Number of protein chains: 2
Amino acid sequence: MLSKKTQYAFRALTDLAENYGKGPIHICDIASRKNIPLKFLENILNELKKSDFLESKKGKGGGYVLKHSPKKINLAAVIRIINGPIALLPCVSLNFYRRCEDCNEENCGLRRVMAMTRDATLKILEKKTLQDILSGERLII
Amino acid sequence: MLSKKTQYAFRALTDLAENYGKGPIHICDIASRKNIPLKFLENILNELKKSDFLESKKGKGGGYVLKHSPKKINLAAVIRIINGPIALLPCVSLNFYRRCEDCNEENCGLRRVMAMTRDATLKILEKKTLQDILSGERLII
DNA sequence: TAATATCCTACCAAATTAGTAGAATAATGT
DNA sequence: ACATTATTCTACTAATTTGGTAGGATATTA
């Protein structure tokens, strides 16, 4: 399951997408509109900034802005930054690979199935973007 | 990611599948063959028994046996028992549904995408069985 | 230089995960 | 009946992760 932090991240990014083009958005506006603990949200937006999803400006008139169009930010990328691996086993993770103990990877049946589910999941999450989850959007399959 | 406990569960079930038809298998044989902490494995096999995957026999000649053929045990069912929900959000879980706060489900874009990924994942995990992950098996997609 | 807003370091509490200890119970063979 | 064997149950404990909080440092603008 996605952590609460990840759900907060999606809610905050959605808010920024809804206000895309309006200049920097205050973190406290996002926090109050989306009902997210302010100080926790600071951490989250900071991580997203470090990972190049956001730009920020300090001081009066400051705030956060999406660095790229909502159409360019895919959900898998956000999950990887805030939540971690998408695969169900470390040994099939593309971005967080770790070998599993006592397992001959070439010949591990569980690994083969988990690689399939990873692919099926990524096929969706890498295609869907922030734009696709805005509440007004119709979802085209 | 699947917990270590879940990976142990799969390894143990695989061992029981490999020895299917040979009568009760000692838990300490499974533990040593598959390198799983014995007392931890006790908990796991007990849960699997309570969930009707295994039968057990006490005393001399006792041990654990798969209650059904390895072909009948699908991976999603095992994950649900030992690991919990398969869906990425509680509000799209079929077996562990919980409403999420501050979210209008009818109109939540994230929810729609997460329902799609759940379906894609289940399509695989509910079809694949213990038999499919035995190391000798060829995986037919 | 005051006001504003992000940035950074360092905590803290609660929950979950991973594992252990030891006695109770049941089945079997002698 | 009784010793042996193996599962079952209750109850801990330690380590890690998750979900937050506090407070000062830094940068920007007016």
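Nothing here was measured: the structure is a model prediction, and the numbers come from that model. (Residues numbered from 1 in each chain as written. Chains lettered and ligands numbered in written order. Predicted model: local features only at pLDDT ≥ 70, side-chain atom pairs only at ≥ 80, totals over all residues. Heavy atoms only, no water.)

**Student:** Whenever I open this one, the overall build of chain A confuses me. Can you help?
**Tutor:** The helix and strand inventory of chain A stands at 5 helices and 2 strands. The helix and strand sequence of chain A, counted from the amino end, reads α-α-α-β-β-α-α. In terms of principal-axis extent, the alpha carbons of chain A reach across some 60 × 35 × 25 Å. Residues counted as buried form 49% of the 141 residues belonging to chain A. Pairs at least 24 residues apart make up 58% of the contacts formed inside chain A by residues separated by at least 6 positions. (Helix = DSSP H or I, 4+ residues; strand = E, 2+ residues; numbered from the N terminus. Buried < 20%, exposed > 50% of the residue type's maximum accessible area, 1.4 Å probe, protein only. Contact = heavy atoms within 4.5 Å.)

**Student:** Just to check I follow, could you spell out the domain arrangement of chain A for this structure?
**Tutor:** Note: interface size is frequently given as the accessible area lost on complex formation between the parts. Residues and elements named next belong to chain A. Structurally, chain A comprises domain 1 (4-66) and domain 2 (73-133). A separation of 26 Å is found between the C-alpha centroids of domain 1 and domain 2. On the domain 2 side, the residues contacting the 13 residues of domain 1 number 10 residues. Roughly 1,000 Å² is buried in total at the junction of domain 1 and domain 2, and carbon and sulfur atoms are behind 83% of that figure. In terms of surface lost to domain 2, no three residues of domain 1 exceed Thr6, Phe10 and Phe53, which account for 51% of the buried area on that side. Counting every contact that joins domain 1 to domain 2 gives 1 residue pair in polar contact (both at pLDDT 80 or more). Take the side of domain 1 that touches domain 2: its biggest share by element is 7 residues, from helix α1 (residues 4-18). Here the residues of the side of domain 1 that touches domain 2 sort into 8 nonpolar, 3 polar and 2 charged. (Domains from an automatic or database assignment. Buried area = accessible area lost by both parts, 1.4 Å probe. Polar contact = N/O pair within 3.5 Å; in protein donor to acceptor, adjacent residues only side chain to side chain. Nonpolar A, V, L, I, M, F, W, Y, C, P; charged D, E, K, R; others polar.)

**Student:** Sorry, what's going on with the protein's contact with DNA strand D here?
**Tutor:** Lys39(A), His26(B), Lys49(B), Ser56(B) and Tyr64(B) are the nearest of the 26 residues found near DNA strand D. Per the 4 Å cut-off to the protein, sugar and phosphate atoms form 68% of the nearby atoms of DNA strand D. Within the side chain of Lys39(A), one N or O atom sits 2.4 Å away from a base oxygen of DNA strand D. In this structure, Asn46(B) approaches DNA strand D through a side-chain N or O atom, which is 3.0 Å from a phosphate oxygen. Those elements that provide at least two residues to the surface near DNA strand D are α1 and α3 (38-50) of chain A together with α3 (38-50), β1 (54-57) and β2 (63-66) of chain B. Per-element accounting of the surface near DNA strand D gives the leading share, 4 residues, to α3(B). Split by residue class, the surface near DNA strand D holds 6 nonpolar, 8 polar and 12 charged. (Near = heavy atom within 4 Å.)

**Student:** Explain unusual backbone geometry to me, please; I cannot follow it from the model alone.
**Tutor:** Comment: phi is negative for the bulk of residues other than glycine, and the bulk of peptide bonds are trans. Even without glycine at this site, Asn35(A) takes up a positive phi of about 60°. Topologically, Asn35(A) is positioned in the loop between α2 (27-34) and α3.

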